[in-house]
Amino acid sequence: MKKIFNLFDFQQKVNYKTEILAGLTVALALIPEAIAFAFIAELSPLTGLYAAFVMGLITAIFGGRPGQISGATGAVAVVIVALSISHGAEYIFATVILAGVLQILAGVLRLGKLMRLVPHPVIFGFVNGLAVIIFMSQLDQFKDASGNWLTGTPLYILLGLVGITMFIIWGLPKLTKVFPSSLAAILVVFGLVVVFNIDTRTVGDIASIKGGFPPFHIPMVPFNWETLSLIFPYAAIMAGVGLIESLLTLNIIDEITETRGNGNKECIAQGSANMLSGFFSGMGGCAMLGQSLINVSSGARARLSGIVAAVMLLIFIMFGSGIISLLPMAALTGVMIMVAIGTFEWASLNTINKMPKSDILVMVLVTLVTIFLHNLALAVLVGVIISALVFAWDNAKRIRARKHIDENGVKHYEIYGPLFFGSTTVFNSKFDVLNDPEEVVIDFSESRVVDMSAIEALNKLTARYLKQGKKIHLKHLSPDCRTLLHNADKIIDVNIIEDPHYKVVVDDV
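Residues numbered from 1 in each chain as written. Predicted model: local features only at pLDDT ≥ 70, side-chain atom pairs only at ≥ 80, totals over all residues. Heavy atoms only, no water.

- Going by what an unreviewed UniProt entry lists, the protein is known as SulP family inorganic anion transporter and is assigned to Haloflavibacter putidus.
- Checking UniProt for the protein, the heading Subcellular location (unreviewed entry) contains the comment "Membrane". (UniProt positions renumbered as here; feature names shortened; annotations may be inferred.)

Structure below.
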């Protein structure tokens, strides 16, 4: 038994009561979200609920981040809705399975470490944008069936119940942390609605969650090249969106809990969960930042809470749909609004005047793309690209050359800063080929030759000196620079490379 616990990263210090109560809270919060995302994807409510169960259970057991919650998400729903409308649910199941295969492949290739390339302003923008989306998605609860804003008594009742929920979530932890405040708020508001027979919208007014165990079946689609060419673009985008959102959520929960998850393990778990979700009539999904924050803010730190959330969700579907249908949406709305408030990085507003303008631009742009396009993968990609370009531009301006002539009449250029595609123009401008003496030394002890553009720049520079009948030496190249020059030897002819410390860089091999 101990070996099994160690396999699933269970620890002896797990607070079972906290984990179970946190899992129950998450299960209740998952229901309206899963139903809403299924509607977005033009699928049945049970398709979203089954995805939440399978995704939640598999990633809770095998994922790279204890305490992280996965399920059906809006990011995935937006990707697959066009395919759902045009070809139906069976093609969605096939797409989800293929996306799972791609995610497993990403984990096997250890691509999870690529999240290191995501700058902090991008994470700030992603989190802030997601917080706004979570908040705005709750505004639908303040509209009637016709899409008009509520007025009069229905509005006051809803505002009152939402306010009570938020007050309990805010105030209870100040008194005690024995019981999860989100669950306490849901139960109190549920009790008020039942005891006083308050007329307000409930989960049952959205859709029925009654169902059985997720049925296993192989997607009924033609197994041919035409089907693959149809579903592969959707699967690739879904896999990318799912991994980006899952790995960013993992990083955020890492910071909150001051622990470290395993990105590659999470990739494999997400892929396995999506594959099983497709085989068990689910729409697939990924990690959910909102529900993960509910979980960890309730005190959960182990895998047990995620397992409880998934199992309780299935129990609600199979046996407790009658009770769950009576849950007031006001309570769940209040919970999600508090999640949005807790998700937003308020500290990012205080650092606006202290951060570089480029970082502020990236943060704001990622936030806006996340909010208005609802495309988290695109938002992160845009942020990373802009950050990389800004970094390249800043480093391109930092290359310097200190010049002096020694007692032997040899001119020395001491290069500072990286030599790469962005800095080659500035690098070339540092040299006075026509007026330099017969012998020139370029010292790279404080510089690095980074890419093919840098090698080409060296090639052209040495050619210019040789054309004038002058001798040039490249010295103190680092081992990685020398390796790069060796590899490019057949492509670019770097004329003269000498180094008194490393001996001769280019040898006959």
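**Observations concerning the domain arrangement of the protein**
Inference 1: What the domain assignment lists for the protein is domain 1 (16–390) and domain 2 (399–487).
Inference 2: Here domain 1 and domain 2 have C-alpha centroids that lie 54 Å from each other. (Domains from an automatic or database assignment.)

**With respect to the pattern of salt bridges**
Inference 1: Within this structure, the stated rule accounts for four salt bridges.
Inference 2: Residue R402 is joined to E414 by a salt bridge in which the shortest nitrogen-to-oxygen separation is 3.8 Å. Of this pair, R402 sits in strand 3 (residues 400–405) while E414 sits in strand 4 (residues 411–419), and the two are 12 residues apart along the sequence.
Inference 3: In this structure, K411 and D436 form a salt bridge, with 2.8 Å as the shortest nitrogen-oxygen distance. With K411 in strand 4 and D436 in the loop between helix 19 (424–428) and strand 5 (439–449), the pair connects residues that are 25 residues apart, well separated along the chain. (Salt bridge = Lys/Arg side-chain N within 4 Å of Asp/Glu carboxyl O. Helix = DSSP H or I, 4+ residues; strand = E, 2+ residues; numbered from the N terminus.)

**Focus: the side chain of T202**
Inference 1: In this fold, T202 is placed in the loop between helix 8 (181–195) and helix 9 (203–206).
Inference 2: Ignoring anything within four residues of it in the chain, the contact list for T202 reads S325, L326, L327, P328 and M329. (Contact = heavy atoms within 4.5 Å.)

**Side note on the sheet that holds strand 6 (residues 471–475)**
Inference 1: Read across the open sheet, the four strands follow the order 3-4-5-6; overall the sheet is mixed. A single partner strand is all that each edge strand has here, and the edge strands are strand 3 and strand 6. Here the average twist between neighbouring strands, direction ignored, is 20 degrees.
Inference 2: Pairing geometry for strand 4 and strand 5, over eight bridges, is parallel. The residue bridging H412 from the neighbouring strand is V441, located in strand 5.
Inference 3: In the packing of helix 20 (residues 452–467) onto the sheet, the strands contacted are strand 4, strand 5 and strand 6, and the crossing angle to strand 5 comes to about 175 degrees. (Pairing = 2+ DSSP bridges. Axes fitted to C-alpha atoms, helices over the stretch in contact; angles between N-to-C directions.)

**Some details on helix 15 (residues 329–343)**
Inference 1: With 15 residues, helix 15 extends 21 Å from end C-alpha to end C-alpha; this agrees with the ideal 21 Å at 1.5 Å per step.
Inference 2: Burial analysis of helix 15 places 13 of its 15 residues in the buried class, which makes it a mostly covered element. (Expected span 1.5 Å × (residues − 1). Buried < 20%, exposed > 50% of the residue type's maximum accessible area, 1.4 Å probe, protein only.)

**Brief notes about empty space enclosed by the protein**
Rolled over the atoms, a probe with the dimensions of a water molecule shows which regions are left empty.
Inference 1: Counting across every chain of the model gives two cavities of 30 Å³ or more.
Inference 2: Computed from the structure, the largest cavity encloses a volume of approximately 40 Å³.
Inference 3: When contributions to the lining of the largest cavity are tallied by element, the ones reaching two or more residues are helix 6 (120–137) and helix 10 (225–257).
Inference 4: Of all the elements, helix 6 adds the most residues to the lining of the largest cavity, at four residues.
Inference 5: Of the residues belonging to the lining of the largest cavity, the class tally is four nonpolar, one polar and two charged.
Inference 6: In this structure, the second largest cavity encloses a volume near 30 Å³. (1 Å grid on protein atoms, 1.4 Å probe; cavity = no way out; pocket = protein on both sides within 12 Å on 5 of 7 lines; lining within 4 Å. Points joined across faces, edges and corners; volume = space filled by probe spheres on them. Nonpolar A, V, L, I, M, F, W, Y, C, P; charged D, E, K, R; others polar.)

**Notes on the layout of surface pockets**
Inference 1: By volume, the largest pocket amounts to about 870 Å³.
Inference 2: Counting residues per element, the ones that place at least two in the lining of the largest pocket are helix 2 (16–40), helix 4 (74–87), helix 6, helix 12 (289–297) and helix 15.
Inference 3: Looking at the lining of the largest pocket element by element, the count peaks at six residues for helix 2.
Inference 4: The residue makeup of the lining of the largest pocket, split by class, is 20 nonpolar, 10 polar and six charged.
Inference 5: The space that makes up the second largest pocket amounts to roughly 620 Å³.
Inference 6: For the second largest pocket, the lining is made up of 29 residues, of which L293, V296, S297, S298 and G342 are closest to its centre.
Inference 7: At the level of elements, helix 7 (152–175), helix 8, helix 10, helix 12 and helix 15 are the ones that each hand at least two residues to the lining of the second largest pocket.
Inference 8: Here the lining of the second largest pocket gets six residues from one element, more than from any other, and that element is helix 15.
Inference 9: The class makeup of the residues in the lining of the second largest pocket is 17 nonpolar, eight polar and four charged.

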